[in-house]
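Take a look at the letters that make up each chain.
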Amino acid sequence: MALETVSEQTCFGGKQGVYKHHSVSTGTDMTFAVYLPPTAADGPVPVVWYLSGLTCTHENVMVKAGAQCWAARRGIAIVMPDTSPRGDGVPDDPERAYDFGLGAGFYVNAITQPWAKHYRMYDYVVKELPEVVGENFSLNMARQGITGHSMGGHGALTIGLKNPGQFKSISAFSPIVSPMNCPWGHKALGGYLGPDEAQWAAHDACALVETARERLPLLIDQGDADDFLEEQLKPHLLEKACNKTGHPLRLRMQPGYDHSYFFIATFMQDHINWHADALN
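Before going into details, it helps to say that this report is about the structure given with it. A quick note: this is a predicted structure, and the numbers were derived from the prediction, not measured.

## A word on the sheet that holds strand β8 (residues 218–223)
- Within the open sheet, the 9 strands sit side by side as β1-β2-β3-β5-β4-β6-β7-β8-β9. Their pairing is mixed. For this open sheet the edge positions go to β1 (4–11) and β9 (249–254), each flanked by a neighbour on one side alone. The average angle at which neighbouring strand axes cross in this sheet is 20°, direction not considered.
- Examined bridge by bridge, strand β6 (residues 139–148) and strand β7 (residues 169–173) share 2 bridges and lie parallel to one another. For Ile146, the partnering residue across the bridge sits in β7 and is Ile170.
- Across the sheet, helix α4 (residues 151–162) touches β4 (45–51), β6, β7 and β8, and the angle it forms with β6 is around 135°.
- Strands β8 and β9 of the sheet are contacted by helix α9 (residues 235–245), whose axis makes an angle of about 155° with β9.

## Things to note about helix α10 (residues 261–279)
- With 19 residues, α10 ought to run about 27 Å at 1.5 Å a step, and its terminal C-alpha atoms sit 25 Å apart, in line with that.
- Most pronounced at Phe267, the bend in α10 amounts to some 50°.
- Those residues of α10 lying buried are Tyr261, Phe263, Ile264, Phe267, Met268, His271, Ile272, His275, Ala276 and Leu279.
- Among the residues of α10, the N-terminal cap falls to Ser260, whose side-chain oxygen and the backbone nitrogen of Phe262 are separated by 3.2 Å.

## Topic: the nonpolar core
- Judged by nonpolar contacts, the single largest core of 63 residues is most densely connected at Phe32, Val133, Leu139, Leu157, Ile159, Tyr192 and Leu238.
- No other element matches helix α3 (residues 121–136), which puts 8 residues into this core.
- When residues no more than four places from it in sequence are discounted, the contact partners of Val133 are Phe32, Val34, Trp49, Val79, Leu139 and Met141.
- Core analysis: the second largest hydrophobic core is formed by 24 residues, Val18, Ala72, Ile76 and Ala276 among them.

## A short note on unusual backbone geometry
- Here the residue pair Gln113 and Pro114 is connected by a cis peptide bond, since its omega of 5° sits within 30 degrees of zero.
- With respect to the secondary-structure elements, Pro114 resides in the loop between β5 (77–80) and α3.
- Despite not being glycine, Phe106 shows a phi value in the positive range, around 60°.
- Within the secondary structure, Phe106 sits in the loop between β5 and α3.
- Its identity is not glycine, yet Lys234 carries a phi of approximately 50°, on the positive side.
- Locating Lys234 in the fold gives a position in the loop between α8 (229–233) and α9.

## Comments concerning the environment of Cys182
- When you line up the elements, Cys182 lands in the loop between β7 and α5 (183–193).
- A residue is classified by how much of its surface remains accessible, and Cys182, at 3% relative accessible area, is buried.

How each quantity is defined
- Residues numbered from 1 in each chain as written.
- Predicted model: local features only at pLDDT ≥ 70, side-chain atom pairs only at ≥ 80, totals over all residues.
- Heavy atoms only, no water.
- Pairing = 2+ DSSP bridges.
- Helix = DSSP H or I, 4+ residues; strand = E, 2+ residues; numbered from the N terminus.
- Axes fitted to C-alpha atoms, helices over the stretch in contact; angles between N-to-C directions.
- Contact = heavy atoms within 4.5 Å.
- Expected span 1.5 Å × (residues − 1).
- Bend = angle between axes of the 7 residues up to and from the residue.
- Buried < 20%, exposed > 50% of the residue type's maximum accessible area, 1.4 Å probe, protein only.
- Polar contact = N/O pair within 3.5 Å; in protein donor to acceptor, adjacent residues only side chain to side chain.
- Core = buried A, V, L, I, M, F, W, Y, C linked by side-chain atoms within 4.5 Å.

Encoded structure:
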């Protein structure tokens, strides 16, 4: 599949690149970033997917998280997709709200109009983009991990839980653990999937833990000074679901940390090591 190289820079001995391609899933051009560690020059390396949160693109984690340093040390590639389709003809929230529409794809395949034509981020992240990067970069696609932040943490948990065998490690930073039980989730899932909550449950980490066919350990870091903690994120719901089913969970409440990339950068090394230990 043809890729357009937007930019490439040497970074910690490896290569940080940004690329564009036409997506069949979304029907739009999509931009994503890939970091290749120095060891990729010698052969395929394991890969960690980083899914970003509301309003973000591939660029936020690429420039703010400091992940390349730790990925270079552990020989791990990082793939950083966008958070929604973009471009002419792609619908947005009529009120231009930040929590729906552009920048807020929620990693689902929309089934309601006008969203269904383009908002197919689940297929894009789970099926299409892995094929693209597997064909074009020195990656060991048999060794994949997935992580993300906020809405992207929701994506990492749900995609990881829904696709046993595709990923060998899962983690998240301040994830939306139960969109069925928070305002962001009600707006997004109701808008993209319609009012049938049975459809929502297929994209709710707390619901998926109960029926998971694979019990990969979960690492979650959550700041206790996060403004969204009580209303939107609710990690105690996932802790309860994991305790009920015996699903291994390491939930770390981090004193004084908020929802920002200062928080993510602080604990990125731990998450890269978590994945590297599982993938190597």
